[in-house]
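Residue strings, one per chain:
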Amino acid sequence: MADDLSKNQIAALKTIMLERQAELKALDEEAAGWSDTVELDQQSVGRLSRMDAMQQQEMARAEARRRTSDLARSHIALKRMDEDEYGWCAECGEPIAYKRLEIDPAAALCVTCAR
């Protein structure tokens, strides 16, 4: 556990991460049908409407990839908390500033290494 992080700060960051995980999982369930195959039905959907639907489908897929990535990052951060490795940069081993962790509780790198 990083020297500059108190137990209360870590508990607060853990709560934020768990809430965010629940939010991401709920969004995944809600968005399950957004990336379904776009059917070609010339009677009800014109060419431009189909292109728009395909673009929305691709945007939904990109959002799903981002949510999956965010969930994985938060799982890793929670595991690091359990192993008392949270708050330390995975690259250089220096403490990660609390302000950085407030912005992104799943951050595994300090600002210097993230550049």
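Structure's up top.
Residues numbered from 1 in each chain as written. Predicted model: local features only at pLDDT ≥ 70, side-chain atom pairs only at ≥ 80, totals over all residues. Heavy atoms only, no water.

**Student:** Summarise the overall build of the chain; cite the residues concerned and give the values.
**Tutor:** Scanning the chain from N- to C-terminus turns up four helices and zero strands. Seen in sequence order, the chain has helices and strands lined up from the N terminus as α-α-α-α. When the 115 residues of the chain are sorted by exposure, 24% land in the buried category. Sequence separation of at least 24 residues holds for 57% of the intrachain contacts in the chain that already meet a minimum separation of 6. Carbon and sulfur atoms make up 52% of the accessible area of the chain, which amounts to about 7,900 Å² in all. (Helix = DSSP H or I, 4+ residues; strand = E, 2+ residues; numbered from the N terminus. Buried < 20%, exposed > 50% of the residue type's maximum accessible area, 1.4 Å probe, protein only. Contact = heavy atoms within 4.5 Å. Areas by Shrake-Rupley, 256 points an atom, 1.4 Å probe, with all protein chains shown as cover.)

**Student:** Account for helix α1 (residues 7-30), naming residues and giving values.
**Tutor:** Given 3.6 residues per turn, any residue in an α-helix points the same way as the ones three and four places further on. Over its 24 residues, α1 runs 35 Å from end to end, which matches the ideal 34 Å to within 8%, given 1.5 Å per residue. Every buried residue of α1 is accounted for by I10, L13, M17, Q21 and L24. (Expected span 1.5 Å × (residues − 1).)

**Student:** Talk me through the side chain of D70; I want residue IDs and the actual numbers.
**Tutor:** Turning to its location among the elements, D70 is positioned in helix α2 (residues 47-82). A polar contact is formed between the side chain of D70 and the side chain of R66, at a distance of 2.7 Å. Each residue touching D70, except ones within four places of it in the same chain, is listed here: R20 and L24. (Polar contact = N/O pair within 3.5 Å; in protein donor to acceptor, adjacent residues only side chain to side chain.)

**Student:** Can you explain the side chain of R67? Please cite residues and give values.
**Tutor:** Within the element layout of this structure, R67 appears in helix α2. We classify R67 as buried; its relative accessible area is 4%. A distance of 2.7 Å separates polar atoms of two side chains, one belonging to R67 and the other to D28. When residues no more than four places from it in sequence are discounted, the contact partners of R67 are L24, L27, D28 and A31.

**Student:** I'd like a description of the nonpolar core, backed by residues and values.
**Tutor:** Ranked by internal contacts, the top residues of the largest apolar core, which has 14 residues, are M17, M81, Y86 and L101. Where this core is concerned, the elements lending two or more residues are α1 and α2. Excluding anything up to four places from it in sequence, M17 contacts S74, A77, L78, M81, Y86, P105 and A106. (Core = buried A, V, L, I, M, F, W, Y, C linked by side-chain atoms within 4.5 Å.)

**Student:** Which residues make up the state of the cysteines, and what values go with them?
**Tutor:** Applying the stated criterion across every chain yields a total of zero disulfides. For C92, which is in no disulfide, the shortest distance to another cysteine sulfur is to C113 and amounts to 3.7 Å. Its relative accessible area of 38% is what places C92 among the partly exposed residues. (Disulfide = S-S within 2.5 Å.)

**Student:** An account of the pattern of salt bridges is needed here, citing residue identities and associated values.
**Tutor:** What the rule picks out here adds up to ten salt bridges. Among the ionic pairs, K14 bridges to D82, the shortest N-O distance being 3.8 Å. Pair noted here: K14 is in helix α1 and D82 is in helix α2, with a separation of 68 residues, a long-range link. Accessibility expressed as a relative area gives 31% for K14, which makes it partly exposed. Given a relative accessible area of 60%, D82 falls into the exposed group. Of the charged contacts, one joins R65 and E58 as a salt bridge, the two residues approaching to 3.5 Å between their closest N and O atoms. The exposure class of E58 is partly exposed, given its relative accessible area of 38%. (Salt bridge = Lys/Arg side-chain N within 4 Å of Asp/Glu carboxyl O.)

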